[in-house]
Amino acid sequence: ENISLQASNPGQFEHDSDVQWQRGAAPETIAYHGRVGINTDAPDEALVVCGNAKVMGRVMHPSDSRAKQNIREVDTNEQLKRITQMRLVEYDYKPEFASVMGIKDT
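Since we're looking at a predicted model, the values are computed, not measured.

Enquirer: Tell me what's going on with the overall build of the protein chain, and back it up with residues and numbers.
Expert: A count of helical and extended segments in the protein chain gives 2 helices and 4 strands. Along the protein chain, helices (α) and strands (β) appear in the sequence β-β-β-β-α-α when read from the amino end. Put simply, 2% of the contacts in the protein chain that link residues at least 6 apart link residues at least 24 apart. Within the structure as shown, the protein chain displays about 10,900 Å² of accessible surface, and the carbon and sulfur contribution to it stands at 49%.

Enquirer: For the packing of aromatic side chains, give the residues involved together with the corresponding values.
Expert: Scanning the model with the defined rule gives 3 aromatic pairs in all. Measuring from centroid to centroid gives 5.5 Å for Y91 and Y93, while their planes differ by 80 degrees, and the two rings are edge-to-face. Classification of Y91 as exposed rests on a relative accessible area of 55%. On the basis of relative accessible area, Y93 is assigned to the partly exposed category, the value being 30%. One aromatic cluster in this structure is built from Y91, Y93 and F97.

Enquirer: Please provide a residue-by-residue account of unusual backbone geometry, values included.
Expert: Notably, E28 is not glycine yet its phi reads approximately 60 degrees, a positive angle. Note on placement: E28 falls in the loop between β1 (21–23) and β2 (30–32). One non-glycine residue, N70, adopts positive backbone phi at about 55 degrees. Considering the arrangement of structural elements, one finds N70 in the loop between β4 (47–49) and α1 (76–84). Here N70 falls in the exposed class, since its relative accessible area comes to 59%.

Enquirer: For a nonpolar patch on the surface, give the residues involved together with the corresponding values.
Expert: On the surface, a cluster of nonpolar side chains totalling about 710 Å² of accessible area is made up of V89, Y91, Y93, F97, V100, M101 and I103. The residue V100 is located in helix α2 (residues 95–101) in this model. A residue is classified by how much of its surface remains accessible, and V100, at 69% relative accessible area, is exposed.

Thresholds, definitions, all that
Residues numbered from 1 in each chain as written. Predicted model: local features only at pLDDT ≥ 70, side-chain atom pairs only at ≥ 80, totals over all residues. Heavy atoms only, no water. Helix = DSSP H or I, 4+ residues; strand = E, 2+ residues; numbered from the N terminus. Contact = heavy atoms within 4.5 Å. Areas by Shrake-Rupley, 256 points an atom, 1.4 Å probe, with all protein chains shown as cover. Phe/Tyr/Trp six-rings, centres within 6.5 Å; stacked < 30°, edge-to-face > 60°. Buried < 20%, exposed > 50% of the residue type's maximum accessible area, 1.4 Å probe, protein only. Patch = residues over 30% accessible without salt bridge, like charges linked within 9 Å, V, L, I, M, F, W, Y side chains within 5 Å. Salt bridge = Lys/Arg side-chain N within 4 Å of Asp/Glu carboxyl O.

Written out as structure tokens, the structure is:
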């Protein structure tokens, strides 16, 4: 499968520095060592998408139990100690976010 990049100024991809886009270690992958911005030229994270994103699969997160092992309960006293150190908050969703997401704004 081919990957195409188009820009209004193709010369913006010409640099005197080392090439940052490379073939990945696994087949059919590419690697970029830096920050990637979609609809932004100033990404402040590894990937910044300014606009909607559609995911046709799973989004894995380090907190996902599928990425962990040796999961076990801790001592009840230790759990209570940790709870007293937590910052608990209440909030309301912003109406514009709630309407787009189809959720109540409470």
